[in-house]
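Summary of structural features
Spelled out from the first residue to the last, the chains are:
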Amino acid sequence: MVSQLDQLPDKDPAEVEEWRESLDAAVTFGGRHRAAYLLRRLTEHAEHADLELPPLMETPHINTIPTAAEPAYPGDEALEARITAWNRWNAAAMVTRGNQRGGLGGHMATYASAAWLYEVGFQHFFHGKEADGSGDQLYLQGHASPGIYARAFLEGRLSEAQLDRFRQEAGGNGLPSYPHPRRLPWLWEFPTVSMGLGPLSAIYQARFNRYLEHRGIKDTSGSRVWAFLGDGEMDEPEATAAIALASRERLDNLTFVVNCNLQRLDGPVRGNFKIVQELERQFRAAGWHVIKSLWGVAWDQLLAQDTEGTLVRLLNRVPDGQFQTFAARDGRYIREYLLSADPALRSLVDQLSDARLEEIIGTSRAGHEPRKVYAAFRAAVQHRGAPTVILAQTVKGWTLGPGFESRNANHQMKKLSGKEFRAMRDLLDLPIPDRVLNDELVPYAHPGTDSPELGYLRERRAALGGPAPARKVVAKPLPMPADRPFDALKRGSGSQEIATTMAFIRLVKDLMRDKETGKRWVPVVPDEARTFGMESLFPSVGIYSPLGQTYDPVDRDQLLYYKESKNGQILNEGITEAGSLASLTAAATSYATHAEPMIPFYIFYSMFGWQRTADQFWALGDQLGRGFIIGATAGRTTMTGEGLQHADGHSHLIASTNPAAISYDPAFAYEIAVIIQDGLRRMYGPDAEDVFYYLTVYNETKIQPAMPPGVEEGIRRGLYRYRQAEASGSALHAQLLASGTAVHWALDAQRLLMEDWGVAADVWSAPSWTELRREALECEAANLAAVSSGSANNERIPYVTQALAGARGPVVAVSDWMRAVPDQIQRWVEQPWTSIGTDGYGLSDSRENVRRHFGVDAPSIVVAVLATLARNGEVPPEVVHKATVQYGLEF
């Protein structure tokens, strides 16, 4: 047999042959399964001896930690069981009451399956923020939120009235359905119910914790990131997209807890396969430490009697869909359909009654036993050198009764009947009388503020640093940087042509030198730093790597060499927009997570930002993130030669849908200076707002003019007149509104209109169509409120209407975006309105040809103005045709 190892010299072939003969003998006399068992034992021993062997990708479908190896349980199990029972009850009651009164939905089965996974963590592992302002970071499974609310109620952090407003937020004091920091900012830290984003964000949060520590910003060595996930959730590509990063950077401050209840929303996760074994292979291959916590202690006797390994082989073989059925059927069914085929298995369970068989095979799961959960959690915390994933098996809907447990539809089942609550009460042994358990509103239950349960709960949380989850904002405002870096951009570039992308980089480079706040800038780049002209930052601030630089870079002899450093400031994430945005989110929320405000800016090809990761931007807003998002090489016509997949003409439209995003499309370097300065004030000043800024910048070099006097307010608000038409006595007038690089086309069109057609046109820069619209909507809302209250004395006029008041002639709006972007403000403009833009897909060609193709170049703007004047009867239609022919246009 040819082997890969044949390429390597063998100093003792005879020794190798002896080992082969020993293995052959084991197969002959002990059987194939015995020989495989011996090999596993030998491999396990080799791993403990620190031999460099390729890791096993899959182990038998049994617990990683045997019962005999479990550590002593450090808590009062009886009291913890009572606390868990109260939480189970109130979680189910909250969802049921909400549905009885309003049909508002909610999920019961997820928390029911995972209750002990959370409770063991809250009692013994999850650190609060009172000790160091950081604590642990908890990414809690969104569908389990009723259980987290129930625990907060037991702790006294929520009232019955608040529980009764679950999913009823409109009137105030309600509870959001899932973890939403923007809706409940004192409790939730991380939004997790857009499934797949939680695990991705958790990995980059753990990495950012290390980044803060290595850069000397804050000691985060005591913080651990816990991500509680569903086995069905792991199908989302984002859920496992960054697990290699976690292993590569040895993030042993990170633990995934995957609740393997074998069910997703409509049925089994892997009906014909085994999700636990699949996830084990995936995580082991990525270099994670894997702990399987599958079977309860009731399995120990069966496994001990399985001297031939028959039961273990069966567990490896039976698909998850069948095991889900076993959890919902009786012992007679299990005996007939699982164990009758093999005589060895029949003899193994002959002494067990059907009831006992149902208990063991059907429902005894490690995830429901605190000792086994504790053993897994402690092993994860103690492991060094790699992140840990705990695959904990449970029964979905556990303790909710046979109508819920392991049923395909239990994700959509929203309430229990009075009879089902009585059965649940008896199972949990709670002192709740029958008279309150009918089919009306089931009561909440509480052991009393002076009860042993509450005393124990308070004691444990005090020992672990206070309540969790909890979000606190105690960070102080940052001092504002000196004006000097901003003034440099406001003075213009003289005779030098520079792109607005480079202007932004120059500004940030200067700001990163600021003695007070320079160290708090966090550049986040998805492997395009050189494209954006950022290579000058490489040697000066370094690229973050937890290992530093263990190699001699090929460009070491160059001034701008590629420098990795353990205290590097740049996060160069590789080709991953999703990972980069997760990294930005960790930095953008550090002011709350760690009481350390950081100033991140994430710079990317604008096409590959909002379009690809809009869901994450929404989560960033939910998480109250603050920072700068830079869509570089923006616009549909500036990416010469790149074509359809690179040409962004719509990110501002997507960004306009995010209430937390303050969007700007600056035309000049001085506009960037004003916007960044204003953003720092709004996000990091004394009255900090929970917003983030989106700026689009271009790779088209232009001479950057000096800032005209008195335009700062117009820049911030979104519109100002940049260049008024020269006085000419012309009777024909027009207003050209443009943003970004399109301002230059409008300026050329202004000249052509006057020289060729005698039209006097003013050119307006519109740095933010979206902010103009939002302010106008605020005016409308204020006016409606005033009318409704009978106090409509001073009607608010939108800024865009005020700015254009009295401007003569029609308005033509142009941008490097689709027309819907400037059309946001149309109804507040009193003049006749026309817009032109880059609707459609991009294409490869020169900028001039592409702009001509879309009809947005200067001659196209001229024709659009003349056509508008013709519709108004101010010029004859023949003029429009003449201009079209003169400029060689086709429409």
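No experiment lies behind these values; they were computed from the predicted model shown.

1. Quick word on the overall build of the chain
Of the regular secondary structure elements, the chain holds 33 helices and 20 strands. Dimensions along the principal axes, computed over C-alpha positions, put the chain at roughly 110 × 85 × 50 Å. Counting only residues that meet the buried cut, the chain has 58% of its 891 residues in that class. Put simply, 78% of the contacts in the chain that link residues at least 6 apart link residues at least 24 apart.

2. Some words on the packing of aromatic side chains
Under the counting rule described, the total for this entry stands at 42 aromatic pairs. Judged by centre distance (5.3 Å) and plane angle (80°), the rings of Tyr211 and Tyr544 are edge-to-face. Of this pair, Tyr211 sits in helix H7 (residues 197–214) while Tyr544 sits in strand E8 (residues 543–544), and the two are 333 residues apart along the sequence. Comparing Tyr211 with Tyr544, the two get one shared label, buried. Directly above the aromatic system of Tyr333 lies the positively charged group of Arg329, at a separation of 4.2 Å from the ring centroid.

3. Quick word on the side chain of Arg270
Structurally, Arg270 is set in the loop between strand E3 (254–260) and helix H9 (275–285). Judged by relative accessible area, which is 14%, Arg270 ranks as buried. Beyond its immediate stretch of four places on either side in the chain, Arg270 contacts Asp235, Arg264, Ile275, Glu278, Asp320 and Gly321.

4. Section: the sheet that holds strand E10 (residues 571–572)
Across a sheet, strands are paired by hydrogen bonds formed along the backbone, either parallel or antiparallel in direction. One open sheet holds the six strands; their spatial order is E10-E7-E11-E12-E14-E13, and the pairing between them is parallel. Because the sheet does not close on itself, it has two edges, and the strands there are E10 and strand E13 (661–664). In the packing of helix H22 (residues 577–588) onto the sheet, the strands contacted are strand E7 (521–525), E10, strand E11 (599–605) and strand E12 (628–632), and the crossing angle to E11 comes to about 165°. Sitting on the sheet, helix H26 (residues 669–684) is in contact with E7, E11, E12, E13 and strand E14 (692–696), with an inclination near 170° to E14.

5. Re unusual backbone geometry
With glycine set apart, most residues show a phi of negative sign, and most peptide bonds adopt trans. The step from Ala468 to Pro469 runs through a cis peptide bond, and the omega angle for that step is -5°. Mapped onto the elements, Pro469 comes out in the loop between helix H18 (452–463) and helix H19 (484–490). Even without being a glycine, Arg250 presents a positive backbone phi close to 55°. Note on placement: Arg250 falls in the loop between helix H8 (243–248) and E3.

6. With respect to the environment of Gly718
Structurally, Gly718 can be placed in the loop between helix H27 (712–717) and strand E16 (720–723). By relative accessible area, Gly718 is classed as buried at 0%. Spatially, the C-alpha atoms of Gly718 and Asp76 are 62 Å apart, while their sequence positions differ by 642 residues. Residues contacting Gly718, with those up to four places away along its chain left out, are Ser765, Ala766, Pro767, Ser768 and Leu772.

7. With respect to the pattern of salt bridges
A full pass over the atoms with the stated rule returns 41 salt bridges. Between Asp235 and Arg270 there is a salt bridge whose closest N-O contact spans 2.6 Å. In this pair, Asp235 is assigned in the loop between strand E2 (225–230) and H8 and Arg270 in the loop between E3 and H9, connecting sequence segments 35 residues apart. Glu780 is the partner of Arg827 in a salt bridge, and the nearest nitrogen-oxygen pair spans 2.8 Å. Here the residue Arg827 occupies a position in the loop between strand E19 (811–814) and strand E20 (833–836), and Glu780 occupies one in helix H29 (residues 769–789), the gap between them amounting to 47 residues. Note on Arg827: relative accessible area 55%, which makes it exposed.

8. Structural notes on H26
A turn of α-helix holds 3.6 residues, and therefore any two residues three or four places apart point the same way. The end-to-end C-alpha separation of H26 is 22 Å, in line with the 22 Å expected for 16 residues at 1.5 Å each. Counting buried residues along H26, 14 of its 16 residues qualify, which places the element largely inside the surrounding structure.

9. Some words on the packing of helix H3 (residues 77–102) against H18
Their axes nearest at 9 Å, the elements H3 and H18 cross at an angle of 100°. With respect to H18, the element H3 is oriented roughly perpendicular. Contacts between H3 and H18 involve Leu79, Glu80, Arg82, Ile83 and Trp86 from the former and Pro452, Glu453, Tyr456 and Leu457 from the latter. Broken down by class, the residue content of the contact of H3 with H18 amounts to six nonpolar, no polar and three charged.

10. Quick word on the sheet that holds strand E17 (residues 732–738)
Judged by pairing direction, the sheet is mixed, and its five strands sit side by side in the order E16-E18-E17-E19-E20 without closing on themselves. Sheet topology places E16 and E20 at the edges, where each strand pairs with a single neighbour. Taking each pair of neighbouring strands and ignoring which way they run, the sheet shows an average axis angle of 30°. The sheet contact formed by E17 and E19 spans four bridges and is parallel. Paired with Leu737 across the strands is Ala813, a residue of E19. Contacts from helix H28 (residues 742–757) reach E16, E17, strand E18 (759–765) and E19, with the element oriented near 170° to E18.

11. Examining the packing of H28 against helix H32 (residues 858–871)
Following both chains from N to C, one finds H28 and H32 inclined at 60°, their axes separated by 8 Å at the closest point. Compared by their axis directions, H28 and H32 come out oblique. Crossing angle aside, the handedness with which H28 passes H32 is right-handed. Side by side, H28 and H32 meet where Trp745, Ala746, Asp748, Ala749, Leu752, Leu753 and Trp757 of the first sit next to Ala858, Pro859, Ile861, Val862, Val865 and Leu866 of the second. Taken together, the residues of the contact of H28 with H32 break down into twelve nonpolar, no polar and one charged.

12. Focus: the pairing of strand E5 (residues 388–393)
Of all the six residues making up E5, six are buried; the element is thus mostly covered by neighbouring parts of the structure. Of the two faces of E5, both are covered, the one formed by Thr388, Ile390 and Ala392 as well as the one formed by Val389, Leu391 and Gln393. In terms of strand pairing, strand E4 (residues 289–293) meets E5 through five bridges, oriented parallel. Looking at the pairing, Val290 lines up with Val389 of E5.

Parameters and conventions
- Residues numbered from 1 in each chain as written.
- Predicted model: local features only at pLDDT ≥ 70, side-chain atom pairs only at ≥ 80, totals over all residues.
- Heavy atoms only, no water.
- Helix = DSSP H or I, 4+ residues; strand = E, 2+ residues; numbered from the N terminus.
- Buried < 20%, exposed > 50% of the residue type's maximum accessible area, 1.4 Å probe, protein only.
- Contact = heavy atoms within 4.5 Å.
- Phe/Tyr/Trp six-rings, centres within 6.5 Å; stacked < 30°, edge-to-face > 60°.
- Lys NZ or Arg CZ within 6 Å of the ring centre and 35° of its normal.
- Pairing = 2+ DSSP bridges.
- Axes fitted to C-alpha atoms, helices over the stretch in contact; angles between N-to-C directions.
- Salt bridge = Lys/Arg side-chain N within 4 Å of Asp/Glu carboxyl O.
- Expected span 1.5 Å × (residues − 1).
- Parallel < 35°, antiparallel > 145°, perpendicular 65-115°, else oblique.
- Nonpolar A, V, L, I, M, F, W, Y, C, P; charged D, E, K, R; others polar.
- Left-handed = near helix turned anticlockwise from the far one by under 90°.

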